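Each chain, letter by letter, is given below.
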Amino acid sequence: MLAVKTYLLAVLLALAAVACVESKSWWETASFYQIYPRSFKDSDGDGVGDLKGVTSKLAYLKEIGIDATWLSPFLKSPMADFGYDISNFTDVDPIFGTMEDFEELMEKSKELGVRIILDFVPNHSSDECEWFIKSAARDPEYKDFYVWHPGKMVDGVRRPPNNWVSVFHGSAWEWHEGRQEYYLHQFDKKQPDLNFRNPKVRETMNDVLRFWLEKGVHGFRVDAIYHAFEIEADADGNYPDEPRNDWNNDPEDYGYTQHIYTVDQPETPHLVYEWREILDKFQQDHGGEERVLMVETWSPIDIVVQYYGNSTAEGAQIPFNFQMILYIWEDSDAHQYAKVINNWLTAMPEGRTPNWVVGNHDKNRVGSRFGEDRIDMFNMMILTLPGCSITYNGEEIGMTDVWISWKDTVDPQACNSYEEGYEYRSRDPARTPMQWSDEPNAGFSDGPSTWLPIASNYRQNNVKVQRGISLSHLNIFKQLQALRDEETMRDGDVEAKAFNFDVMGIKRSLRNNYTFITLMNVFDQIMTVNMHDVFDDLPPEFEYVIVTDKSIRRVGDKVWTDKVVLFPKEAVVLKSTVKV
């Protein structure tokens, strides 16, 4: 009888464990992939990527283990900021195709099981948006859709209301001749800020979310959420100056002021909570998988984690973790790597899911920031940590920045300022076309030219070539994606620790299962480490499951736990030979 009870207890525990695993939503262990549509695949030869191009490459995303892709904006736009200045939030810009093309994309995505996430840009519209045109004309319904101010008179001359500076250089206020008032734009002057203190604005943007949910998308990446609110105007309708930074003497440079009134206002996370309610209500009414919110905010970590939600409201499932972009540099040592990882895990509220981001369309590519010899290392790091990962298109093959002359620069963040220092401000180098093959224009386009230059090394570095090289960046990326299906990688605990100045390790463990350890030698010395020195409960032997072209060991080779040799810039993943 006791044996029967013991058996039944074991069965119940096993079923409980399965239920626990199955209770995770799809996104909690997902690999997300950002597509910058202009640069992903051109289907019609005009040199600009489009929706049909994305559809034609969805099978590639399936090949490399991607669960969902978020698309930078493809909506109707004058393209002052390449789609982030939207004139119609529910229509496709002809540059990218038609609504029928989008619907075909959705059908293909369902067929392949690659979910589609849209970029949602709530902070501003285009100045060519119907809402802004009506607001400028003082249409009663739209009069207060944007942030307007008559300015102030100084020595008989009308001046902007205060010293607020645009991210894209110059005053954040632009005079509108028709309305005879200034409007606020925290980015380009063709991107007027919406007024989220107006309930009509909030409901209009809520309807935008509902429109695309009805089209079948699995969620939204919310752009620049920390800019959504400014401090509320005083009783006279005025806004205070922001305090000066004493290290910057250029009143038109974004660094001139401390942005205490224009970003990270206390109301902002609650806006995200409202949007989460909309997504949850849609799922409740329509069924299917959970829809997700991913939010972009370059805020202090204690503010970022507020976007997860609080005790009474759910927020974004994925507030982007930019700590690796902000606080790991080319000369960072292993202690800094471990600190950045552990800071996020510690700050994250209990019961939430971590996410790991190391690049996007606004930042220099990983290989250019940290060195081409660390590309595999960073992919190993973000893909063996728990939770979900976000990869920018091209990072899986180790694309690097392309130098672009001032004459050929098109990014408004650079063009709106001076030629001197433009390379530091320009985002163009990380946005060049995807390198698919060694064919002309890297297989991106069969047209005569492309909207940004193609990398000069595209014949050597492309998807086609890397498919045929066993230890290419692409094939290592695919191996890492396959490893994420391991039970320990999905559900195991994590420890990230530095062995010394040079070597950092990530341990993933799960009771009665295999233990995995990622080792990263971030500098140029040959290092020998004893894994017992920093990690407890390790068996005496491991085997190599992922190696790079810097490794002299092969997959399947065994190694003693107390003596692992790492070559310069080598990163490996090891698996215990027994369950622990």
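Basis of the calculations
Residues numbered from 1 in each chain as written. Predicted model: local features only at pLDDT ≥ 70, side-chain atom pairs only at ≥ 80, totals over all residues. Heavy atoms only, no water. Helix = DSSP H or I, 4+ residues; strand = E, 2+ residues; numbered from the N terminus. Rg over C-alpha atoms; globule rule 2.2 N^0.38 Å. Buried < 20%, exposed > 50% of the residue type's maximum accessible area, 1.4 Å probe, protein only. Pairing = 2+ DSSP bridges. Expected span 1.5 Å × (residues − 1). Contact = heavy atoms within 4.5 Å. Phe/Tyr/Trp six-rings, centres within 6.5 Å; stacked < 30°, edge-to-face > 60°. Lys NZ or Arg CZ within 6 Å of the ring centre and 35° of its normal. Axes fitted to C-alpha atoms, helices over the stretch in contact; angles between N-to-C directions. Salt bridge = Lys/Arg side-chain N within 4 Å of Asp/Glu carboxyl O. Polar contact = N/O pair within 3.5 Å; in protein donor to acceptor, adjacent residues only side chain to side chain.

S.K.: Teacher, can you tell me more about the overall build of the protein here?
M.R.: Secondary structure summary: the protein contains 17 helices and 23 strands in total. Its C-alpha radius of gyration of 25 Å places the protein within 12% of the 25 Å reference for a compact globule of 580 residues. Dimensions along the principal axes, computed over C-alpha positions, put the protein at roughly 85 × 60 × 50 Å. The burial tally for the protein puts 58% of its 580 residues in the buried class.

S.K.: It is not clear to me how the sheet that holds strand β10 (residues 181-184) should be interpreted in this structure. Could you clarify?
M.R.: Within a sheet, each strand pairs with its neighbour through backbone hydrogen bonds, oriented either parallel or antiparallel. Read from one edge of the open sheet, three strands run β6-β10-β9, paired in antiparallel fashion. The open sheet is flanked by β6 (148-149) and β9 (173-176), the only strands paired with a single partner. For β9 and β10, the ladder comprises four bridges, and the chain directions are antiparallel. Paired with tryptophan 173 across the strands is leucine 184, a residue of β10.

S.K.: Could you clarify how one ought to interpret helix α7 (residues 268-286) in this entry?
M.R.: Given 3.6 residues per turn, any residue in an α-helix points the same way as the ones three and four places further on. Between its terminal C-alpha atoms α7 stretches 28 Å, which fits the 27 Å expected from 19 residues at 1.5 Å a residue. Of all the residues in α7, the buried ones are Thr268, Pro269, Leu271, Val272, Tyr273, Trp275, Arg276, Ile278, Leu279 and Phe282. Summarising the contacts, the buried residues of α7 are in contact with β5 (115-120), α6 (199-214), β11 (219-222) and β12 (292-295). The first or second residue beyond α7 is glycine 287, which carries a positive phi of 75°.

S.K.: Explain the pairing of strand β18 (residues 516-521) to me, please; I cannot follow it from the model alone.
M.R.: For a regular strand, the rule is simple: side chains alternate between the two faces of the sheet. Burial analysis of β18 places six of its six residues in the buried class, which makes it a mostly covered element. Residue alternation in β18 divides its side chains into two sets, Phe516, Thr518 and Met520 and Ile517, Leu519 and Asn521, and both sets are buried. Pairing between strand β17 (residues 503-509) and β18: six bridges, direction antiparallel. Residue pairing for β18: valine 503 is matched across the bridge by asparagine 521. Remark: six residues form the turn of the hairpin made by β17 and β18, two consecutive strands paired antiparallel; asparagine 512 in that turn has positive phi of roughly 60°. Strand direction decides the pairing type here: β18 and strand β23 (residues 571-576), joined by five bridges, are antiparallel. From the neighbouring strand, methionine 520 faces β23, where its bridge partner is alanine 571.

S.K.: Which parts of the structure should I look at to understand the packing of aromatic side chains?
M.R.: The geometry of an aromatic ring pair is captured by the separation of the ring centres together with the interplanar angle, meaning the angle of the planes. Evaluation of the coordinates by the stated rule reveals 36 aromatic pairs. Taking 5.1 Å as the distance between ring centres and 80° as the angle between the ring planes, the aromatic pair formed by phenylalanine 120 and tryptophan 275 counts as edge-to-face. On the criterion of sequence distance, the pair formed by phenylalanine 120 in strand β5 and tryptophan 275 in helix α7 is long-range, its members being 155 residues apart. Summarising the burial analysis for this pair, phenylalanine 120 and tryptophan 275 share the class buried. An aromatic cluster is present here, built from Phe89, Trp131, Phe132, Tyr142, Phe145, Tyr146, Trp148 and Tyr183 joined pairwise through their rings. A cation sits over an aromatic face here: lysine 57 above tryptophan 436, 4.3 Å from the ring centre.

S.K.: I'm lost on the sheet that holds β18 in this one. Help?
M.R.: The strand order β16-β17-β18-β23-β20-β21 describes an open sheet built from six strands, whose pairing is antiparallel. Unpaired on one side and paired on the other, β16 (493-498) and β21 (558-560) mark the two borders of the sheet. Pairs of neighbouring strands in the sheet enclose a mean axial angle of 30°, with direction left out of account. Of the pairings in the sheet, the one linking strand β20 (residues 541-546) to β23 comprises four bridges and is antiparallel in character. Each residue of the ladder has a partner; that of tyrosine 544, found in β23, is leucine 574. Contacts from helix α10 (residues 334-347) reach β16, β17 and β18, with the element oriented near 150° to β16. Sheet contacts for helix α16 (residues 473-483): β18, β20 and β23; angle to β20, the most-contacted strand, approximately 125°.

S.K.: Would you explain the pairing of β11 in this entry?
M.R.: A two-sided burial pattern is seen for β11, the buried positions comprising Gly219 and Arg221 on one face and Phe220 and Val222 on the other. Note that β11 and β12 share four bridges and pair parallel. Within β12, the residue paired with phenylalanine 220 across the bridge is leucine 293.

S.K.: Any chance you could explain the pattern of salt bridges here in plain terms?
M.R.: What the rule picks out here adds up to 43 salt bridges. For lysine 52, the salt bridge is made with aspartate 101, and the minimal N-O distance between the two is 3.4 Å. With lysine 52 in helix α2 (residues 51-56) and aspartate 101 in helix α4 (residues 99-112), this residue pair connects regions lying 49 residues apart in the sequence. The buried category is assigned to aspartate 101, whose relative accessible area is 9%. For aspartate 207, the salt bridge is made with arginine 210, and the minimal N-O distance between the two is 2.7 Å. Linking aspartate 207 with arginine 210, this pair stays in helix α6, spanning three residues, or about one helical turn. Under the relative-accessibility criterion, aspartate 207 is labelled partly exposed at 41%. Owing to a relative accessible area of 33%, arginine 210 belongs among the partly exposed residues under this scheme. Each member of the salt-bridge network shares a partner with another, and the members are Asp81, Asp362, Asp411, Arg427 and Arg431.

S.K.: Please clarify how the side chain of threonine 268 should be interpreted in this entry.
M.R.: Structurally, threonine 268 can be placed in helix α7. Polar contacts involving the side chain of threonine 268 include one to the main-chain carbonyl oxygen of glutamine 265, which spans 3.1 Å.

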